[in-house]
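# Observations on the three-dimensional arrangement
Listed here are the chains, written in short residue letters.
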Amino acid sequence: MAVVELRNVTKRYDDVTALTGVDLTVQQGTFHCLVGPNGSGKTTLFRTVLGLTTPTSGEVSLPDGRIGCGFQRANFYRGLTVAENLSVFSALVGATDDAWRAELVTTLRLDRVMDRSAAELSGGFAKKLDLALALLDKPDVLFLDEPLGDLDDVSKNRLLDFLGEYRDAGNAVVVSTHHLTEFDPLVDHLTVLYDGDVVVDADRDALSLGERDTLHELYVDRIMALERGESSADSE
Ligand SMILES: Nc1ncnc2c1ncn2[C@@H]1O[C@H](COP(=O)(O)OP(=O)(O)OP(=O)(O)O)[C@@H](O)[C@H]1O
């Protein structure tokens, strides 16, 4: 079942076209990975889906259920402690499942910093707090922009396992990242943006790796072919 649909979405900022007629469907219960070079439109696409910016044209359809989001730069109350942020955000979104909140704190190893001021957190812990806040009300669709940034290797593994389980529980997880290799085992669907255009959009099973071993190699080859001026069909 489709939980998010974009139809012919274009976003222009003055003379920059960040998205050009993008069609995209996110299916329930899938891990959807969005990759693309710097400036290709990934953050703009996220912001458009989340209603933080209005598309210049086109349509965005969202599910009736809950949507959670975590951004590249963490968003929380810097003047409050970690525990206070969790309480305030729980109240704001109406999250009442204390056991789930405790599970998030344990999974993300936030227990050690519960009484620390959020302003003083290291980059990795700030990211973890942001992730916990995004997950507080168990969103049906979770959008995460570069969720592994600043996390140590053990925390990365734990988060990847957690996101896999979250998907397996029937939720959609959409991740925008430059770290396709790390997400590769989870990917059900890959979308590649290049200069505002969707140049790859396929379920994993439909992606033909050819001589290549990994999705990352496929992605890099495709982008390099586009930079040489070849069409996406030429680079198959
Ligand atoms: N508020 C804005 N005003 C003007 N141009 C913008 C704005 N936001 C994004 N852009 C432009 O839109 C294009 C797409 O930017 P976007 O941030 O969506 O790319 P990205 O794929 O997320 O990049 P990165 O991987 O570097 O984070 C870029 O050319 C960027 O400069």
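Residues numbered from 1 in each chain as written. Predicted model: local features only at pLDDT ≥ 70, side-chain atom pairs only at ≥ 80, totals over all residues. Heavy atoms only, no water.

So, on to helix H2 (residues 82-93). With twelve residues, H2 extends 17 Å between its outermost C-alpha atoms, agreeing within 8% with the 16 Å of an ideal straight helix rising 1.5 Å per residue. The set of residues buried in H2 consists of Val 82, Asn 85, Leu 86, Phe 89 and Ser 90. All buried residues of H2 lie within an arc of 130° about the axis, which places them on one face of the element. Along H2, the residues that are exposed and aim more than 90 degrees away from the buried face are Ala 91 and Leu 92. (Helix = DSSP H or I, 4+ residues; strand = E, 2+ residues; numbered from the N terminus. Expected span 1.5 Å × (residues − 1). Buried < 20%, exposed > 50% of the residue type's maximum accessible area, 1.4 Å probe, protein only. Arc of directions from axis to C-beta.)

Turning our attention to the packing of aromatic side chains. The final tally for this structure, using the stated rule, is six aromatic pairs. With centroids separated by 5.8 Å and ring planes inclined at 25°, the aromatic side chains of Phe 31 and Phe 183 adopt a geometry described as stacked. Within this pair, whereas Phe 31 is found in strand E3 (residues 31-35), its partner Phe 183 is found in helix H6 (residues 180-183), the two being separated by 152 residues in sequence. Across the pair, exposure class does not vary: Phe 31 and Phe 183 are buried alike. Relative to Phe 143, the ring of Phe 46 lies with its centre 5.1 Å away and its plane at 85°, an arrangement referred to as edge-to-face. Residue Phe 46 is found in helix H1 (residues 42-49), and its partner Phe 143 is found in strand E6 (residues 141-145); the two are separated by 97 residues along the sequence. Exposure class is identical for Phe 46 and Phe 143. Each is buried. Feature note: the residues Trp 100, Phe 162 and Tyr 166 constitute an aromatic cluster, connected by ring pairs. (Phe/Tyr/Trp six-rings, centres within 6.5 Å; stacked < 30°, edge-to-face > 60°.)

We now examine the UniProt feature "domain: ABC transporter" (unreviewed entry) in the protein chain. Sequence positions flagged by UniProt for "domain: ABC transporter" (unreviewed entry) are, in local numbering, residues 4-220. Regarding residues 4-220, the helix share stands at 32% and the strand share at 27%, and the terminal C-alpha atoms are separated by 27 Å. (UniProt positions renumbered as here; feature names shortened; annotations may be inferred.)

Taken together, 13 residues lie around the ligand, and Gly 39, Lys 42, Thr 43, Thr 44 and His 178 are the ones closest in. In the environment of the ligand, an oxygen atom lies 3.0 Å from a nitrogen or oxygen atom belonging to the backbone of Gly 41. Residue Thr 43 places a side-chain N or O atom 2.7 Å away from an oxygen atom belonging to the ligand. Across the complex, the protein chains shield 61% of the 630 Å² of accessible surface that the ligand would expose by itself. Listed by contribution, the elements that provide at least two residues to the shell around the ligand are strand E2 (16-27) and H1. When residues of the shell around the ligand are assigned to their parent elements, the largest contribution, three residues, is made by H1. (Near = heavy atom within 4 Å. Polar contact = N/O pair within 3.5 Å; in protein donor to acceptor, adjacent residues only side chain to side chain. Areas by Shrake-Rupley, 256 points an atom, 1.4 Å probe, with all protein chains shown as cover.)

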